[in-house]
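# Structural features, examined
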Amino acid sequence: MAFWAGGSPSIVDYFPSEDFYRCGYCKNESGSRSNGMWAHSMTVQDYQDLIDRGWRRSGKYVYKPVMNQTCCPQYTIRCRPLQFQPSKSHKKVLKKMLKFLAKGEVPKGSCEDEPMDSTMDDAVAGDFALINKLDIQCDLKTLSDDVKESLESEGKNSKKEEPHELLQSQDFVGERLGSGEPSHSVKVHTVPKPGKGADLSKPPCRKAKEIRKERKRLKLMQQNPAGELEGFQAQGHPPSLFPPKAKSNQPKSLEDLIFESLPENASHKLEVRVVRSSPPSSQFKATLLESYQVYKRYQMVIHKNPPDTPTESQFTRFLCSSPLEAETPPNGPDCGYGSFHQQYWLDGKIIAVGVIDILPNCVSSVYLYYDPDYSFLSLGVYSALREIAFTRQLHEKSSQLSYYYMGFYIHSCPKMKYKGQYRPSDLLCPETYVWVPIEQCLPSLENSKYCRFNQDPEAVDEDRSTEPDRLQVFHKRAIMPYGDYKKQQKDPSEEAAVLQYASLVGQKCSERMLLFRN
């Protein structure tokens, strides 16, 4: 059990797809299909490897669409923040926020040119009944106790308290910016109006003059990278790998736009607080009710929910509960890995909350909800840009953490195509699980909802299940390889389900995670 030395292993109940259900995107009553598992606990590395195979979590439910059968194929999309440059529309959103903070300016009109609404795309849309059923069915406290006892009997209780003590010092992670400048980032969930979005089949427009300047700047960086970095830090910006503009007419970086100074008599003050949601920190507990009230208003106004839904328990189950084990390795980010809420405080009250997971290789967005009174600030776009900047910041401490996962890209759903506007970005091939630049994927998606993006016909899934007998099973309070477990079983459907699970999670995860069988 050496691979569990840092804490508890991942423990999952697998539920193979049996039926089609209502799609939250196209509203087809029987068009959506996915396989899922209830995660009683999960390490951040296992979840990182799972989302790199097309899985996604909603609370403790982790699901993977059956891509070649579901009505709206959902492709995992990631942005590359280290190369990201804000577009003209992105800059408009950031400037709008700065004007509001500095002078209290509220833009006139409905701002239809800026997508801002949040959607249910990362929440197993249309299938909350299944999640609620599994929550009741699988919330087995005795199972957790059994696993702990089993592991402790094998010498697993020596390091359990260390991460918890480290986490207490991370109750409040963030910058209190008296000037009103934002510090971190939140979730992207936006809905462009029909006919208003960018043409995703084409790269973002850039002036030839800007391109020439960018080439010159990159050349200067190669010749003297240290000097430019020193100059950047000397100007009082957060330390960064991204150098400043060399001349006054050089395009501003994302950090320049976000951290632009405000006057001392600014009309509003914005703070971002990053609080650990699982296990819940003291800061998280103290603000839970206020955060829930924002979510409730958001659901009532934006999604037209009745006043009695969602309940606080549904809110907690959907957006606060997480299977991810908190980890604080010395080479990781200061806040550690795991699940967090990023709270946007405007003049002392919460106006938006982004739910994110910080994983070994990425910041993964889960959801965003906000006070509808502040829709004019285009909080969906604004928070996405903040999360990209946050990822760049975390990268400086943890070099392997260099991607921003935006959930699923659904080309067949017009309101979900906005995610492709954050460039450069990649889509995950649903067959070989390699990342392909989105520009190379779009022509194929125009012709077919379901596509294999890897153009090499000989390529295969490198982490495919090749030795299913090595899969780890937790059965009757004992951990054993599947090769031993199957000798006790006579039900042929049992083997089919286990083999399907192994093929979907891959060989590495199947050997690390514990598959619960009762």
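Up top is the structure.
Notes on the structure in this doc start here. (Residues numbered from 1 in each chain as written. Predicted model: local features only at pLDDT ≥ 70, side-chain atom pairs only at ≥ 80, totals over all residues. Heavy atoms only, no water.)

When helices and strands are counted, the protein shows 14 helices and 15 strands. Taken over 518 residues, the protein has a buried fraction of 54%. Sequence-distant contacts, at least 24 apart, represent 74% of the contacts inside the protein between residues at least 6 apart. Only carbon and sulfur atoms are counted for the fraction: they give 50% of the accessible area of the protein, which is about 22900 Å². (Helix = DSSP H or I, 4+ residues; strand = E, 2+ residues; numbered from the N terminus. Buried < 20%, exposed > 50% of the residue type's maximum accessible area, 1.4 Å probe, protein only. Contact = heavy atoms within 4.5 Å. Areas by Shrake-Rupley, 256 points an atom, 1.4 Å probe, with all protein chains shown as cover.)

As a further point, take the side chain of Arg78. Of note, Arg78 is situated in strand β5 (residues 75–79). Since its relative accessible area comes to 11%, Arg78 is described here as buried. Sequence-distant contacts of Arg78, that is, excluding residues within four places in its chain, are made with Tyr403, Tyr404, Tyr405, Met406, Pro424, Ser425, Asp426 and Trp435.

With 114 residues, the main nonpolar core has Met37, Tyr369 and Tyr422 as its most contacted residues. At nine residues, helix α11 (residues 379–397) tops the list of elements feeding residues into this core. Apart from the residues within four sequence positions on either side, Tyr369 is in contact with Ser291, Val294, Tyr295, Tyr298, Phe315, Leu319, His341, Ala352, Val353 and Val355. Ile11, Phe474, Leu514 and Phe516 belong to the second largest nonpolar core, which has five residues in total. (Core = buried A, V, L, I, M, F, W, Y, C linked by side-chain atoms within 4.5 Å.)

Our next topic: the packing of helix α1 (residues 44–51) against helix α14 (residues 492–512). The N-to-C vectors of α1 and α14 enclose an angle of 160°; their axes lie 10 Å apart at closest approach. With respect to α14, the element α1 is oriented roughly antiparallel. Considering how the two elements wind past one another, α1 and α14 form a crossing that is left-handed. Between α1 and α14, the contacting residues are Gln45, Asp46, Asp49 and Leu50 on the first element and Val505, Lys508, Cys509 and Arg512 on the second. (Axes fitted to C-alpha atoms, helices over the stretch in contact; angles between N-to-C directions. Parallel < 35°, antiparallel > 145°, perpendicular 65-115°, else oblique. Left-handed = near helix turned anticlockwise from the far one by under 90°.)

Here Ser510 lies in helix α14. Aside from chain neighbours lying at most four places away, what touches Ser510 is Arg470, Leu471, Gln472 and Val505.

The next thing to look at is the sheet that holds strand β3 (residues 56–58). Pairing within the open sheet is mixed, and its seven strands lie in the order β3-β4-β2-β1-β15-β13-β14. Unpaired on one side and paired on the other, β3 and β14 (478–481) mark the two borders of the sheet. On average, each strand axis in the sheet is tilted by 35° relative to the strand beside it, whichever way the strands run. The sheet contact formed by strand β13 (residues 472–475) and strand β15 (residues 514–517) spans four bridges and is parallel. Among the inter-strand pairings, Gln472 is bridged to a residue of β15, identified as Leu514. (Pairing = 2+ DSSP bridges.)

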